[in-house]
Amino acid sequence: MATVTLKGGEINTNGTLPNVNSQAPDFKLVATDLSVKSLSDYKGKKLILNIFPSVDTGTCATSVRNFNKEAAQLENTKVLCISRDLPFAQGRFCGAEGIENVEMLSDFVSGDFGKDYGLEFVDGPLNGLHSRCIVVINENGEITYTEQVPEIVDEPNYNEALKAL
């Protein structure tokens, strides 16, 4: 279990992020076109998993915008923005913001991604949502970097995530 804060109040997750140098757990997430995506769909690509509670909050939206800007310049890399938001809300956000360089994926069906990656909140006002985390995966499916942002309203360390590629 990991503990982060929301404006100073503690919130716990169901576990801890996977270890660096371990194989990334597989997942099944829903894209904005309602197709199901798994880790194998990105085989041979570098991945940045930008994980957050909801795209309808300021910090989460900012992280999507920032990674969208950076992703346009990355070779053989996909940025996957993952939350429990419905795919319709994710698609509406991307359309309104002109977001085209990242993929939005939803864990709304089962929440298994959050559970398997050890980042699902198990108490507090965000119970059931995802903690703000970054996971970088190399083209061999190995985790090369993780960050669980200690204060949920803070942004992740974009530079460290990009350096881990």
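As a starting point, this report considers the structure included with it. Please read these numbers as outputs of a predicted model, since none were measured by experiment.

Here we look at the overall build of the protein
Regarding its fold elements, the protein presents four helices and nine strands. Counting from the amino terminus, the protein carries its helices and strands in the arrangement β-β-β-β-β-α-β-α-β-α-β-β-α. At 14 Å, the protein has a C-alpha radius of gyration in line with the 15 Å of a compact globule built from 165 residues. Principal axes of the C-alpha set define a box for the protein whose edges measure 40 × 35 × 30 Å. For the protein, the residues scored as buried account for 49% of the 165 residues in total. Residue pairs in contact within the protein that sit at least 24 positions apart in sequence constitute 66% of those at least 6 positions apart.

With respect to the nonpolar core
Counting residues in hydrophobic clusters, the biggest one holds 21 residues, and the most contacted among them are Val64, Phe67, Val102 and Met104. Take this core: its biggest share by element is five residues, from helix H1 (residues 58-71). In this structure Val64 touches Asn50, Phe52, Val55, Cys81, Phe93, Ile99, Val102 and Met104, once residues within four positions along its chain are discounted. Core analysis: the second largest hydrophobic core is formed by 20 residues, Ala24, Ala31, Leu49 and Leu119 among them.

As for the sheet that holds strand E4 (residues 36-38)
Taken together, the seven strands give an open sheet; going across it, the order is E4-E3-E7-E6-E5-E8-E9, and neighbouring strands pair in mixed fashion. Both edges of this open sheet fall to E4 and strand E9 (143-148), since each of them pairs with a single strand only. Recorded for the sheet is a direction-independent mean angle of 30° between the axes of neighbouring strands. By the bridge criterion, two bridges tie strand E3 (residues 28-31) to strand E7 (residues 103-106) in an arrangement that is antiparallel. Looking at E7, one finds that Val30 is bridged to Ser106.

Concerning the pattern of salt bridges
By the definition in use, this model includes four salt bridges. The salt bridge partner of Glu103 is Lys78, with a shortest N-O separation of 3.8 Å. Within this pair, whereas Glu103 is found in strand E7, its partner Lys78 is found in strand E6 (residues 77-83), the two being separated by 25 residues in sequence. On the accessibility criterion, Glu103 (22% relative accessible area) is partly exposed. Residue classification places Lys78 among the partly exposed positions, given a relative accessible area of 33%. For the salt bridge of Lys115 with Glu120, the shortest nitrogen-to-oxygen distance reads 3.5 Å. The exposure class assigned to Glu120 is buried, which follows from its relative accessible area of 11%. Three or more residues are tied together by salt bridges with common partners; here these are Arg84, Lys115 and Glu120.

About the thresholds
- Residues numbered from 1 in each chain as written.
- Predicted model: local features only at pLDDT ≥ 70, side-chain atom pairs only at ≥ 80, totals over all residues.
- Heavy atoms only, no water.
- Helix = DSSP H or I, 4+ residues; strand = E, 2+ residues; numbered from the N terminus.
- Rg over C-alpha atoms; globule rule 2.2 N^0.38 Å.
- Buried < 20%, exposed > 50% of the residue type's maximum accessible area, 1.4 Å probe, protein only.
- Contact = heavy atoms within 4.5 Å.
- Core = buried A, V, L, I, M, F, W, Y, C linked by side-chain atoms within 4.5 Å.
- Pairing = 2+ DSSP bridges.
- Axes fitted to C-alpha atoms, helices over the stretch in contact; angles between N-to-C directions.
- Salt bridge = Lys/Arg side-chain N within 4 Å of Asp/Glu carboxyl O.

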